[in-house]
Every structure is written in C-alpha cells, then in structure tokens.
Amino acid sequence: MARRKIVAGNWKMNMTPSEAVALVETLKPLVQSEDVDVVYGVPAIDIIPVVEAVKGTNVAVAAENMYFEEKGAYTGEISPAMLVDAGVKYVILGHSERRDYFKETDADINKKVLKAFEHGLTPIMCCGESLEQRQQGITMDWIRQQVKIGFQNVTADQAKTAVIAYEPIWAIGTGMTATSEQAEEVCKGIRECIAEMYDDATAAEIRIQYGGSVNAGNAAELFAMPDIDGGLVGGASLKADFGKIVNYK
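Note that this is a predicted model, so its numbers are computed, not measured.

Peer 1: Teacher, can you tell me more about unusual backbone geometry here?
Peer 2: Most peptide bonds take the trans configuration, and most residues that are not glycine carry a negative phi. With phi around 70 degrees, N153 is a residue other than glycine that occupies positive phi space. Locating N153 in the fold gives a position in the loop between α7 (139-150) and α8 (156-161). Although it is not a glycine, S213 adopts a positive phi angle of roughly 60 degrees. Structurally, the position occupied by S213 is in the loop between β7 (207-211) and α11 (219-223).

Peer 1: What should I look at first to understand the layout of surface pockets in this one?
Peer 2: In this approach, a probe sized like a water molecule rolls over the atoms, and the result shows the empty space that is left. In this structure, the largest pocket encloses a volume near 570 Å³. Taken together, 22 residues line the largest pocket, and the ones lying closest to its centre are M13, E64, N65, R98 and F102. Partitioned by chemical class, the residues of the lining of the largest pocket number 13 nonpolar, 4 polar and 5 charged. Estimates place the volume of the second largest pocket at around 290 Å³. For the lining of the second largest pocket, the secondary-structure elements that each account for two or more residues are α4 (96-101), β5 (122-127) and α7. In terms of residue class, the lining of the second largest pocket is made up of 6 nonpolar, 7 polar and 5 charged.

Peer 1: What am I meant to see in the sheet that holds β5 here?
Peer 2: By definition, the strands of a sheet pair up through backbone hydrogen bonds, in either a parallel or an antiparallel sense. Pairing in this closed barrel of 8 strands is parallel, and the strands run β1-β2-β3-β4-β5-β6-β7-β8 around the ring. For this sheet, the mean angle separating the axes of adjacent strands, direction not counted, is 25 degrees. Note: strand β4 (residues 90-93) against β5, 4 bridges, orientation parallel. Across the sheet, residue L93 finds its bridge partner in β5, namely M125.

Peer 1: It is not clear to me how the packing of aromatic side chains should be interpreted in this structure. Could you clarify?
Peer 2: Scanning the entire structure with this criterion turns up 7 aromatic pairs. Taking the centre distance of 5.0 Å and the plane angle of 50 degrees together, the rings of Y67 and Y74 count as tilted. You can call Y67 buried: its relative accessible area is 19%.

Peer 1: Got a minute to help me understand helix α1 (residues 17-27) in this structure?
Peer 2: Every α-helix carries 3.6 residues per turn, so stepping three or four residues along brings you back to the same face. Buried within α1 we find A20, L23, V24 and L27. Buried positions in α1, seen along its axis, are confined to an arc of 100 degrees and lie on one side of it. At its buried positions, α1 is contacted by β2 (36-42), α2 (47-53) and α12 (241-246).

Peer 1: Help me understand the packing of α7 against helix α9 (residues 180-197) in this model?
Peer 2: Angle between the axes and distance between the axes are the two parameters that describe a pair of packed helices. Where α7 contacts α9, the two axes come as close as 10 Å, and the packing angle between them is 45 degrees. Taken together, the axis directions place α7 and α9 in an arrangement best described as oblique. In this structure, α7 meets α9 at a crossing whose hand is right-handed. On α9, the residues touching T139, M140, I143, R144, V147 and K148 of α7 are V186, G189, I190, C193, I194, E196 and M197.

Peer 1: How do you make sense of the pairing of strand β3 (residues 59-63) when you look at a structure like this?
Peer 2: For a regular strand, the rule is simple: side chains alternate between the two faces of the sheet. Of all 5 residues making up β3, 5 are buried, and the element is well covered by its neighbours. The side-chain alternation of β3 yields two buried faces, one formed by V59, V61 and A63 and the other by A60 and A62. Where β2 lies against β3, 5 bridges are found, and the strand directions are parallel. Looking across to β3, one finds that V39 is bridged to A60. Between the parallel pair β2 and β3, the chain is carried across by α2, and the sense of this crossover is right-handed. Summarising the sheet, β3 and β4 pair through 2 bridges and their orientation is parallel. In the sheet register, A63 faces β4, and the bridge partner there is V91.

Peer 1: Before we go on, may I ask you to explain the nonpolar core in this structure?
Peer 2: Core analysis: the largest hydrophobic core is formed by 67 residues, its most contacted members being Y40 and F151. Among the elements that take part in this core, α9 stands out by supplying 7 residues, more than any other. Other than its neighbours up to four places away in sequence, F151 contacts N110, M125, A159, A162, I164, I194, M197, Y198 and I206. By size, the runner-up hydrophobic cluster in this structure holds 12 residues, among which are A62, Y90, C126 and L232.

Reading guide: rules and limits
- Residues numbered from 1 in each chain as written.
- Predicted model: local features only at pLDDT ≥ 70, side-chain atom pairs only at ≥ 80, totals over all residues.
- Heavy atoms only, no water.
- Helix = DSSP H or I, 4+ residues; strand = E, 2+ residues; numbered from the N terminus.
- 1 Å grid on protein atoms, 1.4 Å probe; cavity = no way out; pocket = protein on both sides within 12 Å on 5 of 7 lines; lining within 4 Å.
- Points joined across faces, edges and corners; volume = space filled by probe spheres on them.
- Nonpolar A, V, L, I, M, F, W, Y, C, P; charged D, E, K, R; others polar.
- Pairing = 2+ DSSP bridges.
- Axes fitted to C-alpha atoms, helices over the stretch in contact; angles between N-to-C directions.
- Phe/Tyr/Trp six-rings, centres within 6.5 Å; stacked < 30°, edge-to-face > 60°.
- Buried < 20%, exposed > 50% of the residue type's maximum accessible area, 1.4 Å probe, protein only.
- Arc of directions from axis to C-beta.
- Contact = heavy atoms within 4.5 Å.
- Parallel < 35°, antiparallel > 145°, perpendicular 65-115°, else oblique.
- Left-handed = near helix turned anticlockwise from the far one by under 90°.
- Right-handed = clockwise from strand over helix to strand, strands pointing away.
- Core = buried A, V, L, I, M, F, W, Y, C linked by side-chain atoms within 4.5 Å.

Right, here's the structure in full:
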C-alpha cells in the first residue's frame, strides 16, 4: 500500500489570530485534495480560531510545540490535554529552532513524543544537520542519533502512525534547498534506521517529510522521490503557493 502524502505548513511565529483566520479563508479553495493530508502548524494563540475556521474542510491543525507534563506550575507552557481539547491532531516537536534557540535536547523531545502518543496526538518529529555537520560527513550519524533517542520507548504500532520531518538546517529559510537526491538519501537513511529499530513493516508505514525551502517550483520533484512522503513547509505555507505545493501533481 502506498503511503499517503502529508503536507504540513509550519507558520512559526507569524499571524495574529485575525490574520490567521483570513489566511485560512484565502487558502480554503486552494488546498483541497483527496490524495494529500493537509496540516497547518500554527502558533498557540491561533489554534482555537484556526480549528474553527477549518471545520468542514480537509485541513487538520498542528501545534508548533507542547510540554511533556500533564499540568502544573509550568508558566507559559501548553499541555497535550489542552491541545486535544482545542481540536489539535498533530504536534510539531524538535524543530531545529526549538533545539537551537530554546536548547531542547533529544531527551526532551523524546518525552514530548511519548506524551503526544499517550494523548492520541500525532507527532511530527523534526531532525536535521547543520552545514558544518554535513561538511564533516556526519549527517547520517547525527540524524540517526536524533531519531533513535527521539523514538526511545515508542512502540512499533505508535511509530507507524508518526511523521518524521527531515529538515537540513542549512536549507531552512535560506533559499538553499537540498537536491532531490540529497533529500532522498537522508529520508531513505531515516527509513532504514526505523527498520533497524523496529522492522521493515514499520519502516514501510512511517511517513517521512522533507522540509527546507520547499516551494511550488520544487515540490513535485521532491515528493516524487520514493522515501519522501510530503513536506514540512515554512515560508511558502503563508502564501497562496501552499495550494500549489499541496496539489503538486
């Protein structure tokens, strides 16, 4: 069975609640697809209005982060139960910006991944290497570590439903894109890592996205690769171009 493509927009720290609703209304007619799962990853303050705005459409909503505790004295954090109650289906975890600016570790991300599954949220777990790491020839070593620690104690049944997003840090927001071959090589390596951790059946089901300057011009070529199951899209997800990426065929 062919894996269903998944195209998720990561809005990052953009869009006020009113702007978010306006963007959803603009995108509604453009992102309809029967073949692709469409997800908007939106800032926490936009979740409730965006969930309301996408009702009756093919779009699911993702949070851009969450905490790994159920509740308590964690000022400024958001729990998985809050996300579920608000209508969220996915959560982006371990984005390179979270790892870099907010010092999240592989172990932190693993706690969040486990907590997401506990609450029925689908994690989109990000991994990726810096330009320096690529030049040093340690890309796959680095990413295998991120995946192995990130998925520690995750069951095969859970892993099958997860999404991994490969985002080379050197290609995020830089206009530089990994070639389709470079992206495929790493996504294939991630799938092989999952096969080692679990089995071939789990590796065949898990969906692996490419992220890093995905746009309307390069989506079709990237998504045609055998181990790339869609994209995690940054800047282009805030424009009408997102519709062209969703309907890349």
